[in-house]
Amino acid sequence: CLPPKYSQKDKFRERFLREARAVARLNHPNIIQGIDVGDSNGVHYFAMEYIDGPTDGELLKRGGALDEKRAINIVTQIARALQHAFNHGIIHRDIKPDNIMLTREGVAKLCDLGLAKLQTKDDGDASGTKPGASMGTPYYIAREQARGEQNVHTRADIYSLGSSFYHMVAGEVPFVGQSAA
C-alpha cells in the first residue's frame, strides 16, 4: 500500500502507479509478478506475487559471501529478467541484492521497479525523474547514473548487476566511502 501521507502527493502517487504499470508489462519467471493495482477508499494498493524466501541482500547480511556456483545461478537468472525488461523498453535503475528475491526452490526474482525508466522512441526518459537527479543505490550504480545523466542506458543495469555479483562472491560492496558521492 502507498501510505496515506504519500497518496495525497501527485509525485508519489505517479511513481507508485508507474511501478505498477512497469511490472504489468512484464511476464517472466525471474521478475516478480504484479497481480492487481487499484484504489480503495483513497488507499492505493499494488498486489504482487508472494515470494517465500529471503532477498539476496538478507543472505549476504546473514552469512557473508555466497559460494560461486550459487552466485552465478542467481546472476544468470537476473540477467535473463533484465533481458526481458530491456526487450520491453524498461531499465530498472536500482539493481542490488536487496531487490533480488529468492524462492525456496532457488528461483531468483527481480523486484522493486519503483525507479524503472520506460524508454520512449526518442530514447527519452518517461520516468518523471528530474535532470541531474541521481537515482539508485550508490554502492551499485554506474557512473552515468550517479552523475544524474538523463540518458541512462541498459548498460547501467548491467553494471549494477556486476556490482551485485561482486558483493555476492566477495561478501562486501565493491566501493566504500564517507558519503554517497
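These lines cover the structure that appears in this document, whether it is placed above or below. Fair warning: this is a prediction, and the values are worked out from it, not measured in the lab. Here the residue numbers are simple positions, counted from 1 along each chain's written sequence. Local features in this predicted model are restricted to residues of pLDDT 70 or higher, and side-chain atom pairs are both shown and tallied only at a pLDDT of 80 or more, whereas totals for entire chains, interfaces and linings draw on every residue. Only hydrogens and water are set aside; all other atoms, that is, all heavy atoms of the structure, feed into the side-chain values.

Overview of the overall build of the chain
Defined as follows: Counting from the N terminus, the helices are the DSSP runs of H or I reaching at least four residues and the strands are the DSSP runs of E reaching at least two. Three labels apply to residues, based on accessible area from a 1.4 Å probe with only protein chains included: buried if under 20% of the type maximum, exposed if over 50%, partly exposed otherwise in between. By definition in these notes, contact holds between two residues if any of their heavy atoms fall within 4.5 Å. Residue burial considers only the protein chains on display, and all accessible areas are found by Shrake-Rupley using a 1.4 Å probe.
Along the chain, the regular secondary structure elements total 6 helices and 6 strands. Shown N-terminal to C-terminal, the secondary structure of the chain runs as helices and strands in the order α-α-β-β-α-α-β-β-β-β-α-α. Taken across its 181 residues, the chain has 44% of its residues classed as buried. When contacts within the chain are restricted to residue pairs at least 6 apart in sequence, those whose partners lie at least 24 apart make up 61%. A total of about 10000 Å² of accessible surface is found on the chain, and carbon and sulfur atoms cover 52% of it.

Quick notes on the pattern of salt bridges
When the charged atoms of two side chains with opposite charge come close together, those side chains can pair. For clarity, the threshold we go by: Counted as salt bridges are all cases of a side-chain nitrogen of Lys or Arg within 4 Å of a carboxyl oxygen of Asp or Glu.
Overall, the coordinates contain 4 salt bridges when judged by the stated rule. We note a salt bridge from K109 to E49, for which the minimum N-O separation is 2.9 Å. Placement of the pair is K109 in strand 5 (residues 108–110) and E49 in the loop between strand 2 (43–48) and helix 3 (56–63), with a sequence separation of 60 residues. Between K96 and D94 there is a salt bridge, with its nearest N and O atoms 3.7 Å apart.

What about the pairing of strand 1 (residues 34–40)?
Let me state the cut-off plainly: Strand pairing is assigned whenever DSSP identifies at least 2 bridges connecting the two strands.
Pairing of strand 1 with strand 2 involves 6 bridges; the strand directions are antiparallel. When the sheet's bridge partners are listed, D36 is paired in strand 2 with A47. Where strand 1 folds back onto strand 2 in an antiparallel hairpin, the turn is made up of 2 residues, including N41, whose phi is positive at roughly 55°.

Considering helix 3
Since the α-helix advances by 3.6 residues per turn, residues separated by three or four positions end up pointing in the same direction. Convention followed: By construction, the arc corresponds to the directions joining the helix axis to the C-beta atoms.
Of all the positions in helix 3, only D56, G57, L59 and L60 are classed as buried. Buried positions in helix 3, seen along its axis, are confined to an arc of 160° and lie on one side of it. Away from the buried face of helix 3 by more than 90 degrees, exposed residues K61 and R62 are located. Contacts made by the buried residues of helix 3 are with helix 4 (68–87), strand 4 (100–102) and helix 6 (154–170). Two residues or fewer after helix 3 comes G64, characterised by a positive phi angle close to 75°.

What about helix 6?
Stated precisely, the cut-off is as follows: In this scheme, a helix's expected span is set at 1.5 Å multiplied by one less than its residue total.
With 17 residues, helix 6 extends 24 Å from end C-alpha to end C-alpha; this agrees with the ideal 24 Å at 1.5 Å per step. Residues of helix 6 that are buried include every one of T154, A156, D157, S160, L161, S163, S164, H167 and M168, and no others. Buried positions along helix 6 lie against helix 3, helix 4, strand 3 (90–91), strand 4 and helix 5 (143–146). Of the residues one or two after helix 6, G171 is the one with positive phi, at around 80°.

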